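Here are the chains, one letter per residue:
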Amino acid sequence: MALPKKLKHFNLFGNGDNWQGQIASLTLPPMVRQMEEFRGGGMNAPVDIDQGMEKMEFQWTPAGIIPGLFDNFGTSQLDADLLRFSGSYQRDDTGETLPVEIVVRGRHREIAMGDAEPGSDNTLSVATTLSYYKLTIGGEEVVEIDVPGMVERIRGQDRLAEHRRNIGL
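Residues numbered from 1 in each chain as written. Predicted model: local features only at pLDDT ≥ 70, side-chain atom pairs only at ≥ 80, totals over all residues. Heavy atoms only, no water.

The name an unreviewed UniProt entry assigns to the protein chain is Phage major tail tube protein, from the organism Marinobacter alkaliphilus.

See below:
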């Protein structure tokens with residue numbers, strides 16, 4: 001029997017700043033494909049046609065105010081903010097640990113200041129839309145998505161390389 005690797009510790013860095021102990025929680029960016037249902041003549045059922053990816057977004061909750069968070073708010077630069085999640089996952093049957101890193105670039109779409117009440121956590125909520133995403137597990141690049149560069153590399157295979165060549169990029 002093998003037990004799963006569970007997240008034991010994490011840290012978030014923003015634009016090079018170490019936010020150790022300042023992030024209450026985060027929702028790592030989901031990767032979602034945009035699909036269009038198609039059923040042509042001679043088909044007994046529809047299939048989904050892949051139309052590319054949907055917009056990626058990173059939701060996270062600082063445990064208090066981080067002044068530098070506002071530095072790039074409202075910028076026209078789509079990759080103004082760099083965030084790096086570093087996680088340490090562990091199996092409880094073997095003690096084996098596994099580093100997981102997610103690096104994203106984007107800009108903060110929403111910074112919700114939350115409720116202000118004396119003696120409460122006063123947590124914020126941040127939504128960052130992404131133009132770049134890179135997932136590394138155990139030192140191996142697993143996923144790299146560069147939206148403006150039209151790169152979608154999964155385990156070393158760039159699935160958009162031929163499309164870039166076809167359109168002269």
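Let's pick the thread back up.
Counted according to the given criterion, the structure contains three aromatic pairs. Both rings, one in W19 and one in W60, keep their centres 5.3 Å apart while their planes meet at 20 degrees; by these two values the pair is stacked. Of this pair, W19 sits in the loop between β2 (17-18) and β3 (23-27) while W60 sits in strand β6 (residues 56-62); the two residues are 41 residues apart in sequence, bridging distant segments of the chain. In this pair, the class of W19 matches that of W60, namely buried. Here F58 and W60 contribute two aromatic rings whose centre-to-centre distance is 6.4 Å and whose plane-to-plane angle is 35 degrees, an arrangement assigned as tilted. Across this residue pair, the class does not change: F58 and W60 are buried. Counting every residue linked through ring pairs, the aromatic cluster contains W19, F58 and W60. (Phe/Tyr/Trp six-rings, centres within 6.5 Å; stacked < 30°, edge-to-face > 60°. Helix = DSSP H or I, 4+ residues; strand = E, 2+ residues; numbered from the N terminus. Buried < 20%, exposed > 50% of the residue type's maximum accessible area, 1.4 Å probe, protein only.)

We now examine a nonpolar patch on the surface. A surface patch of nonpolar side chains, about 240 Å² in accessible area, is lined by F38, V47 and I49. Along the polypeptide, F38 turns up in strand β4 (residues 33-38). Since its relative accessible area comes to 43%, F38 is described here as partly exposed. (Patch = residues over 30% accessible without salt bridge, like charges linked within 9 Å, V, L, I, M, F, W, Y side chains within 5 Å. Areas by Shrake-Rupley, 256 points an atom, 1.4 Å probe, with all protein chains shown as cover. Salt bridge = Lys/Arg side-chain N within 4 Å of Asp/Glu carboxyl O.)

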